[in-house]
Amino acid sequence: MVLQTRKSLPTKPGYLLFNSKEIQQNVLNFYNRMWKEYGDIVRLPIMPNYSAHLLAHPSYAEHVLFTHQELYAKPDMLNKPLNLMMGESILTSEGDSWLKDRRLMQPAFHMKQLANLADVMVSCTESFIKEWENKTDGEVIDIAEETLRLTLKIAGNTLFSIDISDEDSILGKAFRTGYEFVNYKINNLWTEPLWMPTLRNRRFIRAKQTLDNLVLDIINSRRQNPSERNDLLSMLMSARDEETGEGMSDRQLHNEAITLLVAGHETAASSLAWTWYLLAENPDIAENLQSELRTVLNGSNLSFEKLPQLEYTRRIFDETLRLYPPAWGMVRTPRQDDEINGYLIAKNSIVTVGAFMIHRHPEFWENPLGFNPDNFLPEKVNQRPKFAYFPFGGGKRICIGQNFALMEATIIIALVSQRFKLELLPNQNIEIDPTFTLRPKNGIKVKVWKRN
Ligand code: HEM
C-alpha cells in the first residue's frame, strides 16, 4: 500500500497513566472532554510507543468497523476478562473460529425463529406487569433494577426456558456474581491474578463452577430428552456446519449460552431504563406514544404480526439508543500500521470508536442533545451517513442479537406504557455509569401509576 504524506495526529500531551484517576472515575466524561478539546480524532499516549485513540467521526467508524475491518481485532484487555466467565465464544473469537461460530449461530436469530420468541417475551412482560399491578398507586420503584430483572427473565426463558431472574435462582445468583467479577476486571487497570486466594477470586471461582455445572446439566438433560422446545438452546443444539455437518460440543454450547446471557440482558436493560427516563422528561412524546398504542393495540393482545405497526414505539427506542448507546465505545487494535484520513494509526495501539460522541455529533444531528424520535423517520435516516448511527456496531461483527433486542424493547415499551404511567421522582442525581453498558449509576426512581 502506498501511503500519502501523513498528517500530524492531534495528541494529548503527557501519558494517560497520569490521568488514570479521572479515567477510573468516569472514562466516558474523560473521552467526551478529549473529543471537545481535540476534535474527531485524538491520540492519547499511554507509554512510549503505545497509545490509545478516540475516533469520533462517521467516516472513521466506517473505516474501522466496515471498509478496513480485516485490519482490526478485538483487544485482549476486553477478551481475557470475558473469557474467564464464558470461555472462548462468538463474542471474543477471531478468524476462522469466529466465522464457524457465527455461521452456526446466525439461523437462531432469523426473523422466523424470533417470531416464536415474541410470545415468550410477551408472556414474561405480562407476568411482570401482573406483579406491578399489585403495587399501590404512586409506589416508588427503581426502574433500572426492574428492567434488569425483566430482561434477565426474558433472557433465561428465551434461551433455556428457565426463569433465572428470581432472587432464589441458583443459576441467576451464580451468573450475577460472575458478571460483576468480569465488570470489575474490565474496569480496573490492575487486579489481583486469579490464582491469588482473595475473597473476590474465591467467590468468582465458586460461582463459575456452579454456573458451569448447571448449564452443562441443562445441556445434558436436553441431549437425553430432546424436546420440541423453541428456545435458543434447542436451535443451537440442532445447528450443523454446512460444510462439515458438525454440531457444537457441550463445552461450546455452554460458552455460547453464557455469552448470550452476558451480551443480551444488561445492554437491553440499561437502554430501556433510559427510555423510561426520557419519556418521563418528555410528556409530549409520551402522549404520542399513547396515541399509537390506542390505535394499534386498542386494548387487544400484542403479537409478532402487530410489531411493525408500532413505528413510533420503535423510533422512541432508536432515539434512546442514539443518546444512550450501551456499547458507547467499540474497542479494537490494528493488526498492522494503518492510515485513517492521512493519520497514522500504529499497529497494536488501542482504537475506541466513539458511538456516544458520533451519535451526538452536531454536524450530523440537529439539536444533538434533544430527544426526538422523528430523527428516525425514513427520510431523515436516508440523509445521514450510515455510520452516524450504529448502536449495534457494524461490519461482520455487528450484533447478532439486534433484531432480538429491538423486538424485546418494542414489546416491553408498548405493554408497560399501555398499563402504567411512570413519573420521575424529583431531585435525583441521575448519572451515567459507563462501565460495560451505560447503566444509570444510582438507578432511576419513578412513581408507578396504573392507567385506567
Ligand atoms: C440494546 C441491546 C443491544 C445492544 C445495544 C448491543 C450492541 C452490540 C454491539 C455494539 C456489538 C458489537 C461490538 C463490537 O463490534 O465491538 C454486539 C455484539 C454482540 N451482541 Fe449485542 N447488543 C444488544 C443486545 C444483544 C442481545 C439481546 C444479544 C443476544 C441475545 C446480543 C448478542 C451479541 C453477540 C453474541 C455479539 C457478538 C457478535 C459477533 O462478534 O459476531 N446482543 N452487540
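Let me sum up the structure you'll find in this document. (Residues numbered from 1 in each chain as written. Predicted model: local features only at pLDDT ≥ 70, side-chain atom pairs only at ≥ 80, totals over all residues. Heavy atoms only, no water.)

### Comments concerning the coordination of the iron atom of the ligand
This is how it is decided: Water is not among the atoms examined, so metal sites may look incomplete; donors are the N, O and S atoms within 2.8 Å of the metal, or within 3.2 Å for Na, K and Ca. Only DSSP runs of H or I reaching four residues or more are called helices, and only runs of E reaching two or more are called strands; each is numbered from the N terminus.
You will see that the iron atom of the ligand has only one donor from the protein, Cys 399 (SG), lying 2.3 Å away. Along the chain, Cys 399 falls in the loop between helix 15 (378–383) and helix 16 (402–419).

### Structural notes on the site of the ligand
The condition that has to hold: Any residue with a non-hydrogen atom lying within 4 Å of a molecule or strand is treated as near it. Within 3.5 Å is the distance limit for a polar contact, defined as a pair of N or O atoms, with the added protein rule that one can donate a hydrogen and the other accept it, and that residues adjacent in sequence qualify only through two side-chain atoms. When residue character is reported, Ala, Val, Leu, Ile, Met, Phe, Trp, Tyr, Cys and Pro are called nonpolar, Asp, Glu, Lys and Arg charged, and the others, Gly included, polar.
Close to the ligand lie 25 residues, the nearest being Trp 98, Arg 102, Arg 332, Arg 397 and Cys 399. Between the ligand and Ile 90 there is a distance of 3.4 Å, counted from an oxygen atom to a backbone nitrogen or oxygen. At a separation of 2.8 Å, an oxygen atom of the ligand approaches a polar side-chain atom of Trp 98. For the shell around the ligand, the secondary-structure elements that each account for two or more residues are helix 5 (95–105), helix 11 (250–281), strand 5 (329–334) and helix 16. With 6 residues, the top contributor of residues to the shell around the ligand is helix 11. Among the residues making up the shell around the ligand, the classes are represented as 16 nonpolar, 5 polar and 4 charged.

### A look at the side chain of Asp 40
As a reminder of what qualifies: When accessible area is computed with a 1.4 Å probe and restricted to protein chains, residues below 20% of their type maximum are described as buried, those above 50% as exposed, and intermediate ones as partly exposed. By the counting rule applied here, Lys and Arg register as positive and Asp and Glu as negative, while His and the ends of each chain are not counted. Salt bridge criterion: a side-chain nitrogen from Lys or Arg within 4 Å of a carboxyl oxygen from Asp or Glu. In what follows, a contact means two residues having at least one pair of non-hydrogen atoms within 4.5 Å.
Along the chain, Asp 40 falls in the loop between helix 2 (27–38) and strand 1 (41–47). No salt bridge is formed by the buried Asp 40; the nearest opposite charge belongs to Lys 7, separated by 11 Å. Here Trp 35 takes part through its side chain, which lies 3.1 Å from a polar atom of the side chain of Asp 40. For Asp 40, the side chain forms a polar contact with the side chain of His 361, separated by 3.1 Å. Leaving out residues up to four positions away in the same chain, Asp 40 has contacts with Trp 35, Leu 54, Leu 55, Ala 56, His 57, Tyr 60 and His 361.

### Details of the pattern of salt bridges
Overall, the coordinates contain 21 salt bridges when judged by the stated rule. Of the charged contacts, one joins Glu 94 and Arg 335 as a salt bridge, the two residues approaching to 3.0 Å between their closest N and O atoms. Of this pair, Glu 94 sits in the loop between helix 4 (76–86) and helix 5 while Arg 335 sits in the loop between strand 5 and strand 6 (338–340), and the two are 241 residues apart along the sequence. For Glu 94, a relative accessible area of 28% translates into the label partly exposed. Among the ionic pairs, Glu 266 bridges to Arg 439, the shortest N-O distance being 3.3 Å.

### Here we look at the nonpolar core
Note the cut-off: Among buried residues, the Ala, Val, Leu, Ile, Met, Phe, Trp, Tyr and Cys ones that are joined through side-chain atoms within 4.5 Å form a nonpolar core.
Residues Tyr 31, Met 85, Trp 132, Val 353, Met 357, Phe 390 and Ile 411 are the most contacted members of the largest nonpolar core, which totals 135 residues. Per-element accounting of this core gives the leading share, 12 residues, to helix 11. In this structure, Val 353 is in contact with Leu 55, Ala 61, Val 64, Leu 65, Trp 328, Gly 329, Met 330, Ile 358 and Phe 390, ignoring residues within four places of it in sequence.

### What to know about the side chain of Asn 375
Mapped onto the elements, Asn 375 comes out in the loop between helix 14 (355–358) and helix 15. In terms of polar contacts, Asn 375 uses its side chain to reach the side chain of Glu 319, at 3.2 Å. Aside from chain neighbours lying at most four places away, what touches Asn 375 is Glu 319, Arg 322, Trp 365, Lys 380, Val 381 and Arg 384.

### Re the sheet that holds strand 2 (residues 50–55)
Put simply, the rule is: Pairing between strands is defined by DSSP: at least two bridges between the two strands are required. Simply put, an axis is a line fit to the C-alpha atoms, just over the touching stretch for a helix, and the angle between two N-to-C directions goes from 0 to 180 degrees.
Taken in spatial order, the 5 strands of this open sheet run 1-2-8-5-3, and their pairing is mixed. Looking at strand neighbours, the two that pair on one side only are strand 1 and strand 3 (72–73), the edges of this open sheet. Of the strand pairs in this sheet, strand 2 and strand 8 (residues 350–354) are connected by 4 bridges, and their pairing is parallel. Its bridge partner lying in strand 8, Leu 55 is registered against Val 353. Sheet strands touched by helix 2: strand 1, strand 2 and strand 8. Its angle to strand 1, the strand with the most contacts, is close to 125 degrees.

### Quick look at empty space enclosed by the protein
Empty space left among the atoms is revealed by rolling a probe the size of a water molecule over them. This is how the line gets drawn: Of the grid points, spaced at 1 Å and generated over the protein atoms alone, those admitting a 1.4 Å probe that cannot get out make up cavities, while open sets with protein on both sides within 12 Å along at least five of seven lines make up pockets; any residue with an atom within 4 Å of a point is treated as lining. Grid points are joined across faces, edges and corners, and a volume is the space filled by probe spheres set on the points.
A full pass over the atoms with the stated rule returns 1 cavity of 30 Å³ or more. Of the volumes computed, that of the largest cavity is approximately 40 Å³. Taken together, Phe 128, Trp 132, Ile 143, Glu 146, Thr 147, Leu 150, Trp 276, Ile 412 and Val 416 make up the full set of residues lining the largest cavity. At the level of secondary structure, the elements contributing two or more residues to the lining of the largest cavity comprise helix 6 (111–133), helix 7 (143–159) and helix 16. Top element by residues in the lining of the largest cavity is helix 7. It accounts for 4 residues. Residue classes in the lining of the largest cavity are distributed as 7 nonpolar, 1 polar and 1 charged.

### Some details on the layout of surface pockets
Its boundaries defined by the atoms lining it, the second largest pocket holds a volume of some 570 Å³. Taken together, 25 residues make up the lining of the second largest pocket; nearest its centre are Ala 144, Glu 145, Leu 148, Arg 176 and Arg 439. With 7 residues, helix 7 is the single largest residue contributor to the lining of the second largest pocket.

### Digging into the packing of aromatic side chains
Convention followed: Side-chain rings of Phe, Tyr and Trp, where Trp is taken by its six-membered ring, are said to pair if the distance between their centres is within 6.5 Å; with planes under 30 degrees apart they count as stacked, over 60 as edge-to-face, and otherwise as tilted.
Using the criterion set out here, one finds 14 aromatic pairs in the structure. Seen from their ring centres, Phe 30 and Tyr 31 are 5.8 Å apart, and the 90 degrees between their planes marks the pair as edge-to-face. By the burial criterion, Phe 30 is buried, and Tyr 31 matches it. Seen in terms of ring centroids, Phe 128 and Trp 132 are 5.4 Å apart; in terms of plane orientation they differ by 45 degrees. Their pairing is tilted. Linking Phe 128 with Trp 132, this pair stays in helix 6, spanning 4 residues, or about one helical turn. The pair Phe 128 / Trp 132 is uniform in exposure class, with both members buried.

### Quick look at the packing of helix 7 against helix 11
The cut-off we apply is this: In this scheme the crossing of two helices becomes right-handed for a clockwise turn of the near helix relative to the far one and left-handed for an anticlockwise turn of less than a right angle.
Put simply, helix 7 and helix 11 touch, their axes get as near as 8 Å, and they point 145 degrees apart. Here helix 7 runs over helix 11; the crossing is right-handed. Between helix 7 and helix 11, the contacting residues are Ile 143, Ala 144, Thr 147, Leu 148, Thr 151, Leu 152, Ala 155, Gly 156 and Leu 159 on the first element and Ala 257, Leu 260, Leu 261, His 265, Glu 266, Ala 268, Ala 269, Leu 272, Ala 273 and Trp 276 on the second. Tallied by class, the residues present in the contact of helix 7 with helix 11 amount to 14 nonpolar, 4 polar and 1 charged.

### Digging into the environment of Ala 73
Inspection of the secondary structure assignment puts Ala 73 in strand 3. You can call Ala 73 buried: its relative accessible area is 11%. With 50 residues separating them along the chain, Ala 73 and Ser 123 place their C-alpha atoms 39 Å apart. Look past the residues within four positions of Ala 73 in its chain and what remains in contact with it is Glu 94, Val 331, Arg 332, Thr 333 and Arg 335.

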